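Fold and contact review
As a plain string of letters, each chain reads:
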Amino acid sequence: SFTLAIVGRPNVGKSTLFNRLVGRKIALVDDLPGVTRDRRVHAAKLYDLKFDVIDTAGLEEVDSESLEGRMRAQTELAIGEADLIVFLVDAKAGITPTDVTFADLVRRSGKPVILVANKAEARGAESGMYDSYALGLGEPTPISAEHGQGFPDLRDAIVEIMGEERVFPDEHVKPDADDTVAVTIPATPRSMDDLIGDDIDDPDADEVPAYDSSKPLRIAIVGRPNAGKSTLVNTMLGEDRLLTGPEAGITRDSISVDWEWNGRKIKLFDTAGLRRKSRVQGKLEKLSVGDALRAIRFAEVVIIVLDATIPFEKQDLQIADLIIREGRAPIIAFNKWDLVENRQMVLADLREKTERLLPQIRGIRAVPISGERNQGIDKLMAAVASTDEIWNRRISTGRLNRWMEGVTTHHPPPAVAGRRLKIKYITQVKTRPPGFVISCSRPEAFPTSYVRYLSNGLRETFDMPGVPIRLVLRTSD
Ligand code: GDP
C-alpha cells in the first residue's frame with residue numbers, strides 16, 4: 001500500500017477531495033480550528049485502490065499572520081510522510097503565485113506527484129487548467145471534487161505513477177525467473193484469486209504500461225508433428241541463420257532463436273522442430289503437453305501451425321485450448337496452402353470452423369501460408385504483431401465506465417431472487433492478456449450469459465479480437 005498527501009494552497013478544494021477519498025465526513029471543512037485529532041492518516045478508497053491519505057486538516061481555518069509559514073511547515077511534513085503527492089490547483093481561479101511556491105516545494109521533494117486541476121466543471125476552468133502546465137508538474141488531471149467527476153482518470157493516474165505492483169500488492173505476484181510462470185487458470189475466472197500469479201514470464205511487464213515495440217516479440221510455434229513447423233521456422237530464418245544456444249532463464253533443453261521481421265526484434269521458440277535437429281532423427285516425434293506448455297508460457301503470441309489439408313484434429317483443439325487457458329494469444333496458420341485447391345471456399349470453411357470450434361475467443365486470426373514456398377508469412381506476421389498489440393492493450397477507467405453506463409442502461413443485469421443485480425464500476429487491472437474487474441452486488445448470482453454478454457461487449461467496443469479476455473466479478477466493499 002501507499003500513503004498519499006493532498007497538497008495545495010488554501011481553498012483549492014483539498015478538504016472536499018479528502019472527504020471523497022476517505023468517504024466519511026471526518027473532514028476538514030467542518031473542522032474546528034485548534035481541535036487536536038487523534039489520527040493523522042486515514043484509510044481511503046478510490047474504486048479498487050486502497051491507500052492512506054494524510055490529513056492536513058484544520059489549517060485553512062487558522063487565521064494567523066504566520067498562516068503561510070505554518071502551512072508550509074505542515075505541507076513539508078505531509079510531503080515527507082507521503083509516497084505520492086496529489087498537487088491540487090483550482091482551475092476556476094487560475095494559477096496564483098502561492099500555487100507556484102507550493103509547487104516548488106513539491107518538486108524539490110523529488111516525490112512522485114500528480115497534478116490535479118479541481119473545479120474543472122466550472123465555466124472558464126479550461127484556461128486555468130492550461131496555465132497549470134506551467135507549474136512543471138506534468139499534465140493536469142481535471143476533476144470536480146465537489147461533483148465527483150474525473151475520478152476514473154485520477155485512479156488511472158495513480159496506478160500509472162505508483163506502478164501496479166505497489167497499488168495491487170496482493171494481486172501481482174512476480175515470477176522470479178524468466179522460466180517460472182503462472183498457474184493455469186480457468187477460462188472464466190470468477191474470483192480475484194484466479195488472477196493472481198497470472199503474470200507472464202516478463203519481469204518488466206508491470207513497468208511497461210504502454211505497448212513497447214522495442215522489446216523482442218516472443219512467439220512460440222506449435223502444432224502436430226508434420227504440420228510444417230520446422231519448415232516454417234527455417235523459411236523465416238533463412239538457411240544461414242544460426243541457432244542461438246540455450247538461453248539463460250529458459251529451461252535447459254529448450255531453444256529460442258533471435259529473428260527480425262520488418263525491423264521488429266523477435267524471439268522464436270519452436271520446441272519440437274528445433275529439438276529434432278539436435279536429437280535423434282527419424283524417430284516419430286510426439287509433442288508432449290509439457291513441451292507445448294513450456295513453449296506457450298515462453299510466448300506472448302502462439303502460432304498454431306495446422307496442415308490445411310487435414311485441419312482441426314482433436315489434438316489441435318487441445319493445443320488451442322491450452323493456449324487460451326494460459327492467457328496467450330493464439331494465431332492460426334493454415335499451412336501447406338500450396339496444396340489446396342478451391343482456395344476461397346476452403347478458407348471460408350476453415351475460418352467458419354475456427355469460430356465454431358474455438359468459441360472461447362472471438363476473432364482469432366487465421367492466415368493461409370505455405371512455409372515451404374515462403375508465401376503468406378508477411379500476412380501471418382502482421383496478424384501476430386497486431387494481436388500482440390491488443391494483448392498488451394490498456395483501456396482507461398473513464399472509457400470503460402462510460403461504456404458500462406451505456407450497457408447497463410440498455411441491457412441492465414437481470415433480477416435474481418426478486419432483486420436486481422447491480423454493477424458499480426469496471427476497471428482494467430492487468431494486461432497481457434487484458435483483465436478486468438467488475439465491482440458489483442452478488443457476483444455469484446450473475447448468470448454466465450450476462451457475463452459473456454459483457455465480455456463480448458468489451459471485446460467489440462474496444463476492438464480486441466483474437467485475444468483471451470479475463471473478467472472477474474467482485475463485490476464492492
Ligand atoms: P513439423 O513436424 O511440424 O516440424 O513439420 P515439417 O516442417 O518437418 O514438415 C513435415 C512435412 O510437410 C515435410 O515433408 C515438409 O516438406 C512438408 N511441408 C512443410 N510445409 C509445407 C508447405 O507449406 N507445403 C507443402 N506442400 N509441404 C510442406
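Residues numbered from 1 in each chain as written. Predicted model: local features only at pLDDT ≥ 70, side-chain atom pairs only at ≥ 80, totals over all residues.

Looking at an unreviewed UniProt entry, one finds the chain named GTPase Der and attributed to Phyllobacterium zundukense. The UniProt entry for the chain carries this comment under Subunit (unreviewed entry): "Associates with the 50S ribosomal subunit." (UniProt positions renumbered as here; feature names shortened; annotations may be inferred.)

The secondary structure content of the chain amounts to 14 helices and 17 strands. Evaluated residue by residue, the chain yields a buried proportion of 40% over its 477 residues. (Helix = DSSP H or I, 4+ residues; strand = E, 2+ residues; numbered from the N terminus. Buried ≥ 20, exposed ≤ 12 C-beta atoms within 10 Å, placed from the backbone.)

As a structural note, the neighbourhood of the ligand is formed by 16 residues, with Gly228, Lys229, Ser230, Thr231 and Glu372 the closest of them. For the shell around the ligand, the leading source of residues is helix α7 (residues 229-237), giving three residues. Looking at side-chain class alone, the shell around the ligand contains three nonpolar, nine polar and four charged residues. (Near = placed C-beta within 6 Å. Nonpolar A, V, L, I, M, F, W, Y, C, P; charged D, E, K, R; others polar.)

The subject of this paragraph is the environment of Leu88. Inspection of the secondary structure puts Leu88 in strand β4 (residues 84-90). In sequence terms Leu88 and Val116 are 28 residues apart; their C-alpha atoms lie 4.9 Å from each other. Excluding residues within four positions of it along the chain, Leu88 makes contact with Ile6, Val7, Gly8, Val12, Gly13, Lys14, Leu17, Val116 and Asn118. (Contact = placed C-beta atoms within 7 Å.)

Before going further, it helps to spend a moment on helix α10 (residues 314-325). Between the first and last C-alpha of α10 there are 16 Å, a value that for 12 residues agrees with the 16 Å anticipated at 1.5 Å per step. Asp316, Ile319, Ala320, Ile323 and Ile324 are the residues of α10 that are buried. Seen end-on, α10 carries its buried residues on one side only, within an arc spanning 135°. Projecting away from the buried face of α10 at angles above 90 degrees are the exposed residues Lys314 and Gln318. Downstream of α10 by one or two residues, Gly327 has phi in the positive range, about 80°. (Expected span 1.5 Å × (residues − 1). Arc of directions from axis to C-beta.)

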